[in-house]
Amino acid sequence: MNALGRSGVRVSPLGLGAAVIGNLYTELPDQQAYDTVTAAWQHGIRYFDTAPHYGLGLSERRLGEALRQYDRDAYTLSTKAGRRLEPGPGDGDDLAHGFAVPDTLRRVWDFTADGIRRTLEASLERLGLDRVDVVYLHDPDDHAEQAFREGYPALEKLRAEGVVGAIGAGMNQTAMLTRFVRDTDVDVVLCAGRYTLLDQSALTGLLPAAAERGTSVVIGGAFNSGLLADPRPDATYDYAQVPDELLSRALRLKALAEDHGTTLRAAALAFCAAHPAVASVLVGARSAAEIADGAEQFAAHVPAAFWQELHASGLLPAEAPVPTEDGS
């Protein structure tokens, strides 16, 4: 288990990102979602991340139900604030936002202090748990002023009161996350899709700043929403149709991995975990079988010769850390 910054909160090196069990893209039966979380536990995962945004609260409800069978002190749970849920029209679905759920609720951007507390209270009610361990400000890209002026101080107060153990921000970009690391006292940031085998943009600012400040980084989107899990023409890259150039690069990475006796999935996860500032890597899964595969790939050895070839070919920048022979 790795500590999040200077907080006492600890996370497993591999975590479960629970967007998928919120019916990301397609519906998932309740029992299948429950079995997915149970399988994650059986494979040693002790860090679980969710958000009100994921399925308009469905992910939180399902995750909380599945986790209630375990000792609350045995795992770490994070959720997010910034999208408050209010009653919606209820006459359609939420697929425009990526989730196959009825639009009985709607999201309202709210990074005010009151909004942060109300959102957390609603999350706890959906989870059916007495606390969460980590709260992230969720995607404040277009709400920077309010997030820094009101949202962050609200989280800082919650931490000081002992309501949560660690605080941070979660985004799909690096510039504002770097600002959070440099200008605030966050314990952790969740960086999605910006530190992968296809995108190392976090390497130039965010990760060095985090290492310098003693701030932890959790990596989401290690597969760039699917492309690095299974590169093919209909794969998605950052939740959109994959550009031809990136597909070609992913296929080249896959071929090199197989030439070295490993898989692209194993290499993608190992790369994310190798940076010293990274505390945990999140995987999303919609079945117990996908969890089993993710855990197996995360534990797999990726030969040093593979990393050497990536560096030599320019597929990875020379300064990008890679796993050592002992797996560290």
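Residues numbered from 1 in each chain as written. Predicted model: local features only at pLDDT ≥ 70, side-chain atom pairs only at ≥ 80, totals over all residues. Heavy atoms only, no water.

### Regarding the pairing of strand 16 (residues 278-284)
Most of strand 16 is tucked away, with six of its seven residues classed as buried. Bridging between strand 3 (residues 14-17) and strand 16 involves four bridges; their strand directions are parallel. The partner of Gly-15 across the bridge, within strand 16, is Leu-282. In this structure, strand 13 (residues 216-220) lies alongside strand 16, joined through three bridges in parallel fashion. (Buried < 20%, exposed > 50% of the residue type's maximum accessible area, 1.4 Å probe, protein only. Helix = DSSP H or I, 4+ residues; strand = E, 2+ residues; numbered from the N terminus. Pairing = 2+ DSSP bridges.)

### With respect to the state of the cysteines
A full pass over the atoms with the stated rule returns zero disulfides. Of the cysteine sulfurs around Cys-272, a residue in no disulfide, the closest is that of Cys-191, at 9.2 Å. (Disulfide = S-S within 2.5 Å.)

### Structural notes on the layout of surface pockets
Approximately 1400 Å³ is the volume found for the largest pocket. Around the largest pocket, the lining comprises 48 residues; the ones closest to its centre are Val-20, Leu-24, Ser-225, Tyr-239 and Gly-284. When residues of the lining of the largest pocket are traced back to their parent elements, those giving at least two are strand 11 (166-171), strand 12 (188-192), helix 8 (264-274), strand 16 and helix 9 (288-299). The element that contributes the greatest number of residues to the lining of the largest pocket is helix 9, accounting for four residues. The residue inventory of the lining of the largest pocket, partitioned by class, reads 19 nonpolar, 17 polar and twelve charged. (1 Å grid on protein atoms, 1.4 Å probe; cavity = no way out; pocket = protein on both sides within 12 Å on 5 of 7 lines; lining within 4 Å. Points joined across faces, edges and corners; volume = space filled by probe spheres on them. Nonpolar A, V, L, I, M, F, W, Y, C, P; charged D, E, K, R; others polar.)

### Considering the packing of aromatic side chains
A ring pair, where both rings are aromatic, is described by two values, the distance of the centres and the angle of the planes. Inspection of the entire model under this criterion finds ten aromatic pairs. Among the aromatic residues, ring-to-ring pairing joins Trp-41, Phe-48, Tyr-70 and Tyr-75 into one connected group. Sitting over the face of the ring of Trp-41, Arg-46 holds its NZ or CZ atom 3.7 Å from the ring centroid. The side chain of Arg-179 reaches across the aromatic face of Phe-148, ending 3.7 Å from its centre. (Phe/Tyr/Trp six-rings, centres within 6.5 Å; stacked < 30°, edge-to-face > 60°. Lys NZ or Arg CZ within 6 Å of the ring centre and 35° of its normal.)

### Some words on the sheet that holds strand 10 (residues 134-138)
Strand order in the closed barrel formed by eight strands is 3-4-5-10-11-12-13-16, and the pairing between neighbours is parallel. This sheet shows a mean twist of 25° between the axes of neighbouring strands, independent of strand direction. In this sheet, strand 11 lies alongside strand 10 in parallel orientation, the contact comprising five bridges. The partner of Tyr-136 across the bridge, within strand 11, is Gly-168. Lying over the sheet, helix 3 (residues 113-127) contacts strand 5 (76-81) and strand 10, oriented at roughly 135° with respect to strand 5. (Axes fitted to C-alpha atoms, helices over the stretch in contact; angles between N-to-C directions. Contact = heavy atoms within 4.5 Å.)

### Re the UniProt feature "domain: NADP-dependent oxidoreductase" (unreviewed entry) in the chain
UniProt annotation of "domain: NADP-dependent oxidoreductase" (unreviewed entry) refers to residues 13-310 when read in the numbering used here. Helix makes up 40% of residues 13-310 and strand 20%, and the two end C-alpha atoms of the span are 24 Å apart. (UniProt positions renumbered as here; feature names shortened; annotations may be inferred.)

### Focus: the packing of helix 7 (residues 244-259) against helix 10 (residues 304-313)
Between helix 7 and helix 10, the least distance of the axes is 10 Å, while the angle of their chain directions is 145°. When the axes of helix 7 and helix 10 are compared, the crossing they make is right-handed. On helix 10, the residues that touch Arg-252, Leu-253, Leu-256 and Ala-257 of helix 7 are Phe-306, Glu-309, Leu-310 and Ser-313. Among the residues making up the contact of helix 7 with helix 10, the classes are represented as five nonpolar, one polar and two charged. (Left-handed = near helix turned anticlockwise from the far one by under 90°.)

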